[in-house]
Amino acid sequence: MPVTRQQRVFYKTFSQHGSGTAMVEIEPKDVVLLIHIAYLDIFENEPDWFSEPFYQLAKESFYTITPEKVAELPGMTVEDAINYLQLSGATNTENVIYLYLKNLSELWRRRFKFYNILKTQPFPLTEQIGPRCLLEYGNCEDALLFSWMSWRKLIYDIDNRSAQETGYLFEPILASCLGGEPVSHRYSPVKRIDDNGNPTNEGRQIDCYIEESREVYELKLRVTIAASGQGRFSEEMSFPYEARRAGLTPVLIVFDPTPSPLLDRLKAKYVEEGGRYAIGEEAWNMLTDRAGREMGKYIIKYIKPPISRMEEVRLSTPSNIRLSASGDCFTIADEFGNRYSIPRNEAAE
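In what follows, the accompanying structure is described. (Residues numbered from 1 in each chain as written. Predicted model: local features only at pLDDT ≥ 70, side-chain atom pairs only at ≥ 80, totals over all residues. Heavy atoms only, no water.)

## Observations concerning the layout of surface pockets
Then, number 1: Of the volumes computed, that of the largest pocket is approximately 2000 Å³.
Then, number 2: Lining of the largest pocket is provided by 47 residues; of these, Tyr63, Arg111, Phe114, Pro306 and Tyr340 occupy positions nearest its centre.
Then, number 3: Tallying contributions element by element places helix 6 (residues 96-120) first for the lining of the largest pocket, with ten residues.
Then, number 4: Looking at the lining of the largest pocket residue by residue, the classes come out as 26 nonpolar, six polar and 15 charged. (1 Å grid on protein atoms, 1.4 Å probe; cavity = no way out; pocket = protein on both sides within 12 Å on 5 of 7 lines; lining within 4 Å. Points joined across faces, edges and corners; volume = space filled by probe spheres on them. Helix = DSSP H or I, 4+ residues; strand = E, 2+ residues; numbered from the N terminus. Nonpolar A, V, L, I, M, F, W, Y, C, P; charged D, E, K, R; others polar.)

## Focus on the side chain of Thr288
Then, number 1: Topologically, Thr288 is positioned in helix 11 (residues 281-313).
Then, number 2: A distance of 3.0 Å separates a polar side-chain atom of Thr288 from the backbone oxygen of Asn285.
Then, number 3: Among all residues touching Thr288, those that are not within four sequence positions of it are Gly296, Ile299 and Ile300. (Polar contact = N/O pair within 3.5 Å; in protein donor to acceptor, adjacent residues only side chain to side chain. Contact = heavy atoms within 4.5 Å.)

## Quick word on helix 2 (residues 28-43)
Then, number 1: The terminal C-alpha atoms of helix 2 lie 22 Å apart, and with 16 residues this matches the ideal 22 Å at 1.5 Å per residue to within 8%.
Then, number 2: With 15 of 16 residues buried, helix 2 lies mostly within the body of the structure.
Then, number 3: Looking one or two residues past helix 2, Glu44 carries a phi angle of roughly 55°, positive in sign. (Expected span 1.5 Å × (residues − 1). Buried < 20%, exposed > 50% of the residue type's maximum accessible area, 1.4 Å probe, protein only.)

## Overview of a nonpolar patch on the surface
Then, number 1: A cluster of nonpolar side chains, namely Ile155, Ile321 and Leu323, defines an oily patch on the protein surface of about 260 Å² accessible area.
Then, number 2: In this structure, Leu323 sits in strand 10 (residues 321-325).
Then, number 3: Residue Leu323 is classed as partly exposed on the basis of its relative accessible area of 32%. (Patch = residues over 30% accessible without salt bridge, like charges linked within 9 Å, V, L, I, M, F, W, Y side chains within 5 Å. Areas by Shrake-Rupley, 256 points an atom, 1.4 Å probe, with all protein chains shown as cover. Salt bridge = Lys/Arg side-chain N within 4 Å of Asp/Glu carboxyl O.)

## Let's talk about the pairing of strand 5 (residues 199-203)
Then, number 1: Taken together, the two bridges between strand 4 (residues 191-193) and strand 5 define a ladder with antiparallel strand orientation. Along strand 5, the bridge assignment pairs Lys191 with Gly203.
Then, number 2: A loop of five residues connects strand 4 with strand 5, the two strands running antiparallel in sequence, and Gly197 in this loop sits at a positive phi of about 85°. (Pairing = 2+ DSSP bridges.)

## Things to note about the sheet that holds strand 9 (residues 276-279)
Then, number 1: With mixed pairing, five strands are arranged side by side in an open sheet as 3-6-7-8-9. Two strands close off the open sheet at either side, each with one partner strand: strand 3 (181-183) and strand 9. When the angles between neighbouring strand axes are averaged without regard to direction, this sheet yields 30°.
Then, number 2: Inspection of the sheet shows strand 6 (residues 206-210) paired to strand 7 (residues 215-220) by three bridges, in the antiparallel sense. Residue pairing across strands places Ile210 opposite Glu215, the latter belonging to strand 7.
Then, number 3: Strand contacts of helix 9 (residues 232-245): strand 6, strand 7 and strand 8 (249-254), with the helix running at about 165° to strand 7, the strand carrying the most contacts.
Then, number 4: Contacting strand 6, strand 7, strand 8 and strand 9, helix 11 runs over the sheet at an angle of about 115° to strand 9. (Axes fitted to C-alpha atoms, helices over the stretch in contact; angles between N-to-C directions.)

See the structure below:
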C-alpha cells in the first residue's frame, strides 16, 4: 500500500527538526534502529517483526552506538521506517511507545547534530582573533601564541554550541516525560508582578507546565553563587511568588545536591509560596515517579546516568590532555593513554 503524505509528515516527528539550513534529519535506518531500542526498553521482548541486525545493535548500550556501527546496518527507506512505526504501535499517539520514541529520537538527533558540529566547526579566522594578541603578545613565540588563541577560540565556539543544544534538549525532554511542556514567556500563564503588586502583561518562561495539575516546574542542574550575578537570582526568587499569584503550584527541581546559601533561600521561597522542592537524588525520584513506569525508565536509562557520572568524576584539577589536529581528524588524548578522535570536515554545515 502506498505511503500517504500524512504518514510522511508523521514520520518526520522522529526523523527531523528545524527548517532550512538549520534542519537536522536522520536516515530511515536510524529511525528503524530507534524503534527497535524503544520497543525493547518498554516491552522487553523480541517480536517476530524485528530485523536481526537492528535487534543486535539495539541490545548494545545507547551511548556506545557509533555512526560507524549504524552505517553497517542494511539500508532502509522512508516506507520501511513507516512500516516499522506501524508494527511497533508508535503511530498511535496515545500509546506510550509514541512518547518514548519521540523523546529517544530527539536525543539521538541532538547527538547527531552535535557530532556534525564537532566535525565541521572551523578554526577561527585571523581577523577574529588577531586583536586579542595585544593582551599576550611578547609572552611567548609568535606561532605558539597564534595556535593558543586559535585553539581556545575553537573550544569556546564549540562549548557555546554545546550549551545551546543542551538547552534545546534537556528541559523539553524532561517536561515531556512529566506529561507537561515548556512554555515561552509569550504564552505563559505566569505573569510578572509590578512594584505595586499588580500582574503585568509580561509573561515568565516556564520549564515545564502541567495544566492538569496546575503545576509549574523549574528544572535546574545546579544553584551556585554565580546565580546572584546580573540580577538573575532575584528573577529566580520572584518566580514562585508570581506562579502562586497565577493560581499555580511552583515546584523546584535541582539535580546537583551541593549545598549553597542561595539554594537554601530558593527552597524556602518555594515553600513560602505554597510550592515544594526536590534536590539531588530526591529530584530524580520525584521526576521518575511523576513520569510513570515507561517514561521514568527513559529518564533513569538515558538522562540520569551521564549527568550523575560526570558529577562523580568531578575533578578539582582536570587531567592533562593533548589536543592535536590533522587535515582529517581531531584527537584529544590524556596522560593515561585514553583517546577521543573526531573526524574533521570543515565544510559549511
